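# Observations on chain architecture
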Amino acid sequence: MTDHSAEICTDKLEALRVVLKAAEEVPPPGPAQGDGDAAQGNERERSGRLKRLLALVDGLELMHDANDEAFALPVVGGVQQVMPVRSGTFRKYLAGIYWAEYRDGLPSDLIAAAINTIEARALFEGEKVEVHRRVARLDGRIFIDLGDDSWRAVEIDAGGWRIVEQPPVRFRRDRLTRPLPEPVRRQSGALDRLLDLFRLDPKQRVLVKSWLLAALGGVSPFAILAVVGEAGSGKTLFCKTMARLVDPRKPELRSPPRELRDVEAAAWNAYLIAFDNISSVGPDLADCLCRLATGAGLGGRQLYTNTEEIVFDASRPVLLNGIPDLPARADLLDRALVVHLTRVPDDARRPAAELEAGIKWLLPAALGELCSMLAHGLARRDKVHPPRLPRMADVALWAEACGLEGAAEAIGENARTAMRDLAEEDAFAAALVRFVEARATWTGTAASLLEALNAERGDGRAPDGWPRTPRGAAEKLRRLAPALRQAGVAVSFRRQAHTGARLVELRWGGSGDTVTTVTNVTRAPDAYGRNRFPGDGHGDGCGSNRHPHAADRHLPRPSERDTRREGDGCPSYPQDRHPDRHPADPLNAKTSRGLGDGGDDGDDPPASLCPSRGGGRWWRPTPGVPWRCWCCEPPPSEVDPGFEVLAVGEDAP
């Protein structure tokens, strides 16, 4: 470096020192004159913009629901819509109308302040209404939200169905809601053609149609449609198609929930709860789905609060699919319609685009056919009386009213089959069936039962689902009771008289839900409140009307009772028969001999109550002989263990 260059560098360093020293001597900046005026001006501007925004929505119709959720009903594009005040859609609406009027944007905090004011107006000045998701019932009519941009709906009554522009009910939507196919009136049979794509047999078609009719008809409690089958059977496409007929969303199916809050959020926003590819159903998820199907309050602590809860009553149609048998729990299975899909052969497979085109063409006509069936159901809902109703009685009754003959029997048979399958596949249930079948009856504590079953297993390792504690065994027994009943094992609990210990009673019936054991025979009273057989010391032990050792314990003979009391007579005392209860000609009615086909071969089980007494208990000494009415012709005091007993109607277990 030259001396000239060194002089230049020295001059620059000296100049920098001068600048820094001068900066240190400058006093810190104080409030400038006029800053306060500027702040006040900004606040006035902010207040003015808020007032202008609120003036734009001054005439907006507002309302709130039972959960104090505020709604606005703005008119967009000539159509009145329903928007939750605290939704992103309404925030965009406020920003949009302000921009359209003033060509200016709004900060988020100013929009939040406006929402607080609008919400207060909706809660204290707005009308309290019920807001529905997709399906609503009003004054004997059904309304189905089409979900299109025009906010139209299908109105269904006993005279038919039609599309209305402004339905009298309020529907809510969210950003995932998609439109239903607009129903059309074509030649009937489109629904069956749609189901032909998925290789369903006639009985399974009845189950699927029953579920669709209940979902679109708003019939609660709902059934759970559980679709099972191996890979390649078309489960996902089938479930997507069913979802497109009930409550289309984007996506149509959701992944299995990780926690119950996901299920509750889905129930809050959607009408249909649809989960795809579920490999297992845990206890918590099973309980939650049962509550959703039959109706229950869901919710929890509201966000940003300490103690307030947000709770809503939810009853939703549920759609599930998976490779293994989904309803592994009896309580869930009791509410489910299980549909098995078979694998599609390779030579019968079709391209996805071709299937989608066919489904898209069939959906409008299929929905129109369902709407016609719903109108038929509204006209006949009080005229249908199936002789026997399954567990999901409301779904079965509604399907029968809609013209789906045999729905009640198909739903009942599906439940019985699923329960028997569960009893065979569950390790604990299968062990119980073998245990009770070998002993006919067993009574003891849950601890002794678990010990005995563990001793019989003998492998030293409990399989999956096997209870580890007596309490777990008792709980599992209660859950498995419906399945065990179908397998022939009756489960009951009682307290021991002298110790108070809780005992488990297991009885083998041998034929599921129809035949009980002789234990019930000896304990059951006859039509007059007497127990004719030994065991309880209440004047038992003979077939006569009075016992020599306890004459005061028997009721008077039927002829000594008030003859005006309905149903207190029997064929032995014709003078006591009630004219409205007993047919004049017993040959024209089903009696205790020859039930079923009218003959007396005894092969047909009695399917109705006794026409003389109205009772529902029947017995016969051996198979092949006629069934006999319990109240009209009681069995002898010496009861053979081989006697069969059948209970129908209210007497059924």
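For the structure, see preceding data.
This report concerns the structure included in the present document. (Residues numbered from 1 in each chain as written. Predicted model: local features only at pLDDT ≥ 70, side-chain atom pairs only at ≥ 80, totals over all residues. Heavy atoms only, no water.)

Next up on the list: the nonpolar core. In terms of nonpolar packing, the biggest core is built from 63 residues, with Ile156, Trp211 and Phe238 touching the most fellow members. Residue contacts for Phe238: discarding those within four places in its chain leaves Leu195, Phe198, Leu200, Val208, Leu225, Val227 and Leu341. The next biggest cluster of nonpolar side chains, apart from the first, holds 51 residues, and it includes Leu320, Leu332, Leu453 and Ala474. (Core = buried A, V, L, I, M, F, W, Y, C linked by side-chain atoms within 4.5 Å. Buried < 20%, exposed > 50% of the residue type's maximum accessible area, 1.4 Å probe, protein only. Contact = heavy atoms within 4.5 Å.)

Pairing within the open sheet is antiparallel, and its 3 strands lie in the order S19-S21-S20. In this open sheet, the two strands that pair with only one neighbour each are strand S19 (441–444) and strand S20 (489–495). Adjacent strand axes in the sheet meet at a mean angle of 15°, parallel and antiparallel pairs treated alike. As judged from the 7 bridges shared by S20 and strand S21 (residues 502–508), these two strands associate in the antiparallel manner. Following the sheet pairing, Val489 is matched in S21 by Trp508. Docked against the sheet, helix H15 (residues 446–457) engages S19 and S21, running at close to 125° with respect to S19. Along the sheet, helix H16 (residues 470–486) makes contact with S20 and S21, crossing S20 at roughly 145°. (Pairing = 2+ DSSP bridges. Helix = DSSP H or I, 4+ residues; strand = E, 2+ residues; numbered from the N terminus. Axes fitted to C-alpha atoms, helices over the stretch in contact; angles between N-to-C directions.)

Taken as a whole and assessed by the stated rule, the structure comprises 32 salt bridges. Arg134 serves as the salt-bridge partner of Asp247, at 2.8 Å between the closest nitrogen and oxygen. Taken as a pair, Asp247 in the loop between helix H7 (235–246) and helix H8 (260–269) and Arg134 in the loop between strand S7 (131–132) and strand S8 (135–138) lie far apart in primary sequence, 113 residues in all. The burial state of Asp247 is the same as that of Arg134; both residues are buried. One salt bridge connects Arg162 with Asp157, and the closest N-O pair in it is separated by 3.2 Å. Its relative accessible area of 32% is what places Arg162 among the partly exposed residues. Within this structure, Asp139, Arg141, Glu155, Asp157 and Arg162 form a network of salt bridges that share partners. (Salt bridge = Lys/Arg side-chain N within 4 Å of Asp/Glu carboxyl O.)

Interaxial distance between helix H13 (residues 407–425) and helix H14 (residues 427–439) falls to 5 Å at its minimum, and their mutual angle equals 90°. Relative to H14, the element H13 is oriented roughly perpendicular. Facing Leu422, Ala423, Glu424 and Glu425 of H13, the residues of H14 in contact are Ala427, Ala429 and Ala430. Of the residues assigned to the contact of H13 with H14, the class counts are 5 nonpolar, no polar and 2 charged. (Parallel < 35°, antiparallel > 145°, perpendicular 65-115°, else oblique. Nonpolar A, V, L, I, M, F, W, Y, C, P; charged D, E, K, R; others polar.)

Attention now moves to H15. Between the first and last C-alpha of H15 there are 16 Å, a value that for 12 residues agrees with the 16 Å anticipated at 1.5 Å per step. Ala446, Leu449, Leu450 and Leu453 are the residues of H15 that are buried. Summarising the axial view, the buried residues of H15 lie within an arc of 95°, below the 170-degree limit, and thus occupy one face. H15 presents Glu451 and Ala455 as exposed residues on the side facing more than 90 degrees away from its buried surface. Among the structural elements, H14, S19, H16 and S21 are those in contact with the buried residues of H15. Just beyond H15, the residue with positive phi is Gly458, at close to 75°. (Expected span 1.5 Å × (residues − 1). Arc of directions from axis to C-beta.)

Once that is clear, we can look at the side chain of Thr177. Checked against the element boundaries, Thr177 lands in the loop between strand S12 (170–171) and helix H5 (190–196). Judged by relative accessible area, which is 16%, Thr177 ranks as buried. Reaching out from Thr177, the side chain makes a polar contact with the side chain of Asp174 at a distance of 2.9 Å. Leaving out residues up to four positions away in the same chain, Thr177 has contacts with Arg134, Pro248 and Arg249. (Polar contact = N/O pair within 3.5 Å; in protein donor to acceptor, adjacent residues only side chain to side chain.)

All right, on to the packing of aromatic side chains then. Here a ring pair, both rings aromatic, is described through the centre-centre distance and the interplanar angle of the planes. Throughout the structure, instances matching the rule amount to 6 aromatic pairs. Here the aromatic rings of Phe222 and Tyr271 are separated by 6.2 Å at their centres, their planes lie at 90°, and the arrangement is edge-to-face. With Phe222 in the loop between helix H6 (202–217) and strand S13 (224–228) and Tyr271 in the loop between H8 and strand S14 (273–275), this residue pair connects regions lying 49 residues apart in the sequence. Look at Tyr271 and you get buried, because its relative accessible area is 5%. Measuring from ring centre to ring centre gives 5.1 Å for Phe428 and Trp466, while their planes differ by 85°; the resulting arrangement is edge-to-face. Here Phe428, found in helix H14, pairs with Trp466, found in the loop between H15 and H16; they are 38 residues apart in sequence, far enough to count as distant. Sitting above the plane of the Trp268 ring, Arg133 keeps its charged end 5.3 Å from the centroid. When the ring centre of Trp398 is taken as reference, the NZ or CZ atom of Arg137 above it lies at 4.9 Å. (Phe/Tyr/Trp six-rings, centres within 6.5 Å; stacked < 30°, edge-to-face > 60°. Lys NZ or Arg CZ within 6 Å of the ring centre and 35° of its normal.)

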